[in-house]
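# Coordinate analysis (summary)
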Amino acid sequence: MKKLVLILFLLIGSLFTPMQIFAEEEKPSITSDYVYLYDQTTGQVLWDKGSKEIIYPASLTKMMTALIAIENVDNYDQQVLIDERIMSGLKEAGASRAGFNVGDIVTIRDLIYGTLLPSGAECTQALAYTIAGSVDGYVEMMNQKAQELGMNDTHYVNTTGLHDDNHYSTLYDISLLLDYALQDDFFKEVFTSSTYQAGISKNYPAQGLKMESTSYKYINNPGSNVPYKVTIDGFNGSKSGYTVEARYCLASSATINDMDLILITAHAWVERKIPSHYLDAGTIYNYYRDTYQRQTLFNVDDIIKESEIKYRFLDRNVDWKIDEAILLDVPSDPNQLVIEISIPDVITENIKKGDVVGEVIVMSYGEVVYQKEIISDQNIRQNIILHSLANAVNWIQNNILVSGLIVIVVCGGIIIISRKKR
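In this report, we go over the structure that sits alongside the text.

The rules behind the values
- For every chain, the first residue of its written sequence is number 1, and the numbers climb from 1 along that sequence.
- Two thresholds apply to this predicted model, a pLDDT of at least 70 for residue-level local features and 80 or more for giving and counting side-chain atom pairs, whereas whole-chain, interface and lining totals are computed over all residues.
- Side-chain figures throughout are based on the complete set of non-hydrogen atoms in the structure, without hydrogens or water.
- Put simply, DSSP H or I for four residues or longer makes a helix, DSSP E for two residues or longer makes a strand, and each gets a number counted from the N terminus.
- For every residue, the accessible area obtained with a 1.4 Å probe (protein chains only) is divided by the maximum for its type, and the residue is called buried under 20%, exposed over 50%, and partly exposed between those limits.
- Reported accessibility uses the Shrake-Rupley method at a 1.4 Å probe radius. Residues are deemed covered only where the shown protein chains occlude them.
- Strand pairing requires that DSSP identify at least two bridges connecting the strands.
- In this analysis an axis means a line fitted to C-alpha atoms, helices contributing only their contacting stretch, and an angle means the value between N-to-C directions, from 0 to 180 degrees.
- Salt bridge criterion: a side-chain nitrogen from Lys or Arg within 4 Å of a carboxyl oxygen from Asp or Glu.
- Stacked, edge-to-face and tilted labels apply to pairs of Phe, Tyr and Trp rings (six-membered ring for Trp) whose centres lie within 6.5 Å, assigned for plane angles under 30 degrees, over 60, and everything in between, in that order.
- A contact between two residues is defined here by any heavy atoms of the two lying within 4.5 Å.
- In protein, a polar contact means a hydrogen-donor-capable atom and an acceptor-capable atom, both N or O and within 3.5 Å, with residues adjacent in sequence counting only if both atoms are side-chain atoms; elsewhere, any N or O pair within 3.5 Å suffices.
- Cavity and pocket criteria rest on a 1 Å grid covering protein atoms alone: a 1.4 Å probe that fits but cannot get out defines a cavity, protein on both sides within 12 Å along at least 5 of 7 lines defines an open pocket, and an atom within 4 Å of a point defines a lining residue.
- Grid points are joined across faces, edges and corners, and a volume is the space filled by probe spheres set on the points.
- Classes in brief: Ala, Val, Leu, Ile, Met, Phe, Trp, Tyr, Cys and Pro nonpolar; Asp, Glu, Lys and Arg charged; the others, Gly included, polar.

## Notes on the overall build of the protein chain
When you go through the protein chain residue by residue, the secondary structure sums to 12 helices and 17 strands. Expressed as a percentage of the 422 residues in the protein chain, the buried residues total 44%. Here the protein chain has roughly 22,600 Å² of accessible surface; of this, 51% comes from carbon and sulfur atoms.

Here you go:
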């Protein structure tokens, strides 16, 4: 009876064992309908809200336009004449311009800066005619590059991002483009620049056309007189976009708490007089500055667990090591980070080299952000005699009838021997 009560007590007690409760992460309130944020170095996705949904990229298109020029031109100082063919239709379409006009002689370098900083449509057209001979030919190069980068849900029909129902992309695809493009030194130089001074031209005979990034007056510019601006620690650069159909979108990067972040937002819905995509970028980046940091949880060959090897006379312990560094962006709140290592405390079976012995799981705010199997790098064998004896004892203990017979036989033998001695 006492044994039964003890068992019931243990069962009831286990129902009330304290469990760690994770708070659901409260993302900041923003106006963008779509968000994709990830760390270039770790590959960790920190925020995904509709990254695979089809969107209109507007002037984010011009990142691809600039990249094609950078990869297909040997001399950035090559001169280009801005003619009427290049300027045709841009004013009527309401396209944004860098400021060049018919008759200007500029360089490819000027055009690339003009494409990315002030989002000049005349610059994209000039690049297209100079490099491919036509806009259609250049767009074909853009689509080919998109396929090479795995941008499977992207299709371009122009170099500017002006609206067309067949001109579309996704935040995920745009992140692939920006991640790849930032590996090019010249693209990175342009993308992260705030201003650029073009050379002297026909329409700018004094000192040339000065260009500013579209984000310059809104982000990290205390001298700006605009009413809506933000401060972002570690901000690197951005490319913005807007059409009526696309609304506000932004592709940007920042280095915050050692995290190499790429952020793509789209379809911000606030009225155009408010640069809501910049406000969203500030809100998001500053939230992760305050709540996340990159941390090395384990280095290569760190011992993550020690197990006892049963049925051995010598070398009864084995150290399990990690074969890769675990570098993650984790919450600053230690209560929201859990590392689980599911390797047995006691090894009771033989293990071959290459066998899976367990796994490491890292959870942030209750969600798995890292998972990796632990593979044995050695053969682990028990002593066959000890193992056999232990199995025999276990078998006997688990078979009551056999155990009873053995007891009877042993007792009978003792009785017979004692009688003979008399």
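## Quick look at the sheet that holds strand β1 (residues 32-39)
Reading across the sheet, the five strands line up as β2-β1-β9-β8-β7 and stay open at both edges, with antiparallel pairing between neighbours. Because the sheet does not close on itself, it has two edges, and the strands there are β2 (45-49) and β7 (235-243). With direction set aside, neighbouring strand axes in the sheet form an average angle of 10°. One ladder, built from four bridges, connects β1 with β2; its direction is antiparallel. Each bridged residue has a counterpart across the sheet, and for Y38 the counterpart in β2 is V45.

## Here's the deal with the pattern of salt bridges
Summed over the entire model, instances satisfying the criterion amount to 12 salt bridges. A salt bridge links K145 to E71; its shortest N-O distance comes to 3.0 Å. Here K145 is found in helix α7 (residues 135-148), whereas its partner E71 is found in helix α2 (residues 61-72), with 74 residues between them in sequence. With relative accessibility at 10%, the residue K145 sits in the buried group. Residues D323 and K372 are paired through a salt bridge, measuring 3.5 Å at the closest nitrogen-oxygen approach. Of this pair, D323 sits in the loop between β12 (317-321) and β13 (326-331) while K372 sits in strand β17 (residues 367-375), placing them 49 residues apart in sequence. Assessed through its relative accessible area of 55%, D323 is described here as exposed. Put simply, D39, D260, R294 and D329 are held in one network by salt bridges that share partners.

## Structural notes on the sheet that holds strand β15 (residues 346-347)
Pairing within the open sheet is mixed, and its three strands lie in the order β12-β11-β15. Either end of the sheet is taken by a strand with one partner, and the two such strands are β12 and β15. The sheet contact formed by strand β11 (residues 303-309) and β12 spans five bridges and is antiparallel. Each residue of the ladder has a partner; that of E308, found in β12, is N317.

## With respect to the packing of aromatic side chains
Per the stated rule, a full pass over the model turns up 11 aromatic pairs. Residues Y36 and Y38 carry aromatic rings whose centres are separated by 5.6 Å and whose planes lie at 35° to one another, so their mutual orientation is tilted. The exposure classification of Y36 matches that of Y38, with both residues buried. Taking 4.4 Å as the distance between ring centres and 25° as the angle between the ring planes, the aromatic pair formed by Y76 and F186 counts as stacked.

## Re the environment of T31
Position of T31 among the secondary structure elements: in the loop between α1 (2-15) and β1. Along the backbone, T31 and T265 are 234 residues apart, and their C-alpha atoms lie at a distance of 9.6 Å. With residues near it in sequence (within four places) discarded, T31 still touches H267, A268, W269, V270, S276 and D280. In terms of polar contacts, T31 uses its side chain to reach the side chain of D280, at 2.9 Å.

## So, empty space enclosed by the protein
A full pass over the atoms with the stated rule returns one cavity of 30 Å³ or more. One number sums up the size of the largest cavity: a volume of about 30 Å³. Lining the largest cavity are Y56, P57, A58, G161, L162, H163, D164, H167 and T243. The class makeup of the residues in the lining of the largest cavity is four nonpolar, four polar and one charged.

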